[in-house]
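Here is what each chain is made of, one letter per residue.
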There are 2 protein chains.
Amino acid sequence: MAKAIPARACPVAAFQKMISGKYKLRIVWDLKDGPRRYGEIRSGLLRGAGGSAEITPRVLSRELKALTESGLIDRKDFGEVPPKVEYRLTRKGKSFVPVVAAIREWGERNLNEAAALADAAE
Amino acid sequence: MAKAIPARACPVAAFQKMISGKYKLRIVWDLKDGPRRYGEIRSGLLRGAGGSAEITPRVLSRELKALTESGLIDRKDFGEVPPKVEYRLTRKGKSFVPVVAAIREWGERNLNEAAALADAAE
DNA sequence: CAGCATCCTGCGTGATACTG
DNA sequence: CAGTATCACGCAGGATGCTG
């Protein structure tokens, strides 16, 4: 089992580790416009997910924690009740946005149904 | 459960689906220099994996098939014994290479241990 | 050489309920 | 509001052995 991340050997492996999970990339993308609160992120994810799929707090929490530990985002807790927590991109996270943009751009161009069907010949 | 890929709603989700799996990105990257045979891909993956981790044929086979069905690579079977099969990037696959390059570049710049430690302040 | 068949395991993810 | 706790499950992915 490969448990340790051989980052130096293969950057893409480390990249995959870092963005593994269904929501991490979308969270980063959502955060590119500025800080957002927990609930806002949650709502934002729901809209694009296919509508009905409820993202559970447990999962979102894990994703956010993982992103924080990866150093892509930063957690800002305004103390006290009612709880208010904001998440924002770190410098590292911001530097990552263009990469996500590239992914999105490519995806929009090549992953639309038409392309998928028409590519049988290639 | 989100089973169908709502590609239009979220390109990154579709992207993640497409490159899910430990080896797909690396396979694409290996293939960027030209066609490669099954065994060559296998060997290539072993070198960067951490050395000891053996990639099983079952897994590699699955990844290659998935990539083929995604339209990123193309399988060319020179009939007959001894078996010889080459895999090459499709046009779609080639268009994807720059994205992988961006990922690698970012990874090399930001995923080395040093950077991870120095980012605490941010 | 380039796979396929079978079995097995850990982890990611979802459902549900509860809390400071 | 922003989480944590517990339970459950499908599936990626590894081990091993066989084949055309």
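Placed above this text is the structure.
Not measured: the values here are computed from a predicted model.

Rules used throughout
- Residues numbered from 1 in each chain as written.
- Chains lettered and ligands numbered in written order.
- Predicted model: local features only at pLDDT ≥ 70, side-chain atom pairs only at ≥ 80, totals over all residues.
- Heavy atoms only, no water.
- Salt bridge = Lys/Arg side-chain N within 4 Å of Asp/Glu carboxyl O.
- Helix = DSSP H or I, 4+ residues; strand = E, 2+ residues; numbered from the N terminus.
- Buried < 20%, exposed > 50% of the residue type's maximum accessible area, 1.4 Å probe, protein only.
- Pairing = 2+ DSSP bridges.
- Contact = heavy atoms within 4.5 Å.
- Axes fitted to C-alpha atoms, helices over the stretch in contact; angles between N-to-C directions.
- Near = heavy atom within 4 Å.
- Polar contact = N/O pair within 3.5 Å; in protein donor to acceptor, adjacent residues only side chain to side chain.
- Nonpolar A, V, L, I, M, F, W, Y, C, P; charged D, E, K, R; others polar.

Draft legend 1. Inspection of the pattern of salt bridges at higher detail. Residues and elements named next belong to chain B. All chains considered together, the criterion is met by 14 salt bridges over all chains. For Glu-63, the salt bridge goes to Lys-24, with nearest N and O atoms at 3.2 Å. Linking Glu-63 in helix α4 (residues 57-70) with Lys-24 in helix α2 (residues 24-31), this pair joins segments that are 39 residues apart in sequence. With respect to burial, Glu-63 and Lys-24 carry one shared label: buried. For Glu-54, the salt bridge is made with Arg-42, and the minimal N-O distance between the two is 3.3 Å.

Draft legend 2. Here's a closer look at the sheet that holds strand β3 (residues 84-89) of chain A. All names here are of chain A. Strand order in the open sheet formed by 3 strands is β1-β3-β2, and the pairing between neighbours is antiparallel. The sheet is open, and its two edges are formed by β1 (36-37) and β2 (73-78), each paired on a single side. Each of β1, β2 and β3 is contacted by helix α2 (residues 24-31), which is oriented at about 90 degrees to β3, the strand it contacts most.

Draft legend 3. Local environment of the protein's contact with DNA strand C. Near DNA strand C, the surroundings consist of 20 residues, among which Pro-83 of chain A together with Arg-37, Ser-61, Arg-75 and Tyr-87 of chain B are the closest. The sugar-phosphate share of atoms of DNA strand C within 4 Å of the protein amounts to 69%. Within the side chain of Arg-58 of chain A, an N or O atom sits 3.3 Å from a base oxygen of DNA strand C. Between a phosphate oxygen of DNA strand C and a side-chain N or O atom of Arg-75 of chain B, the distance comes to 2.4 Å. When residues of the surface near DNA strand C are traced back to their parent elements, those giving at least two are α4 (57-70) of chain A together with α3 (38-48), α4 and β3 (84-89) of chain B. Residue composition of the surface near DNA strand C, by class: 8 nonpolar, 4 polar and 8 charged.

That's the geometry; what it means functionally is another story.
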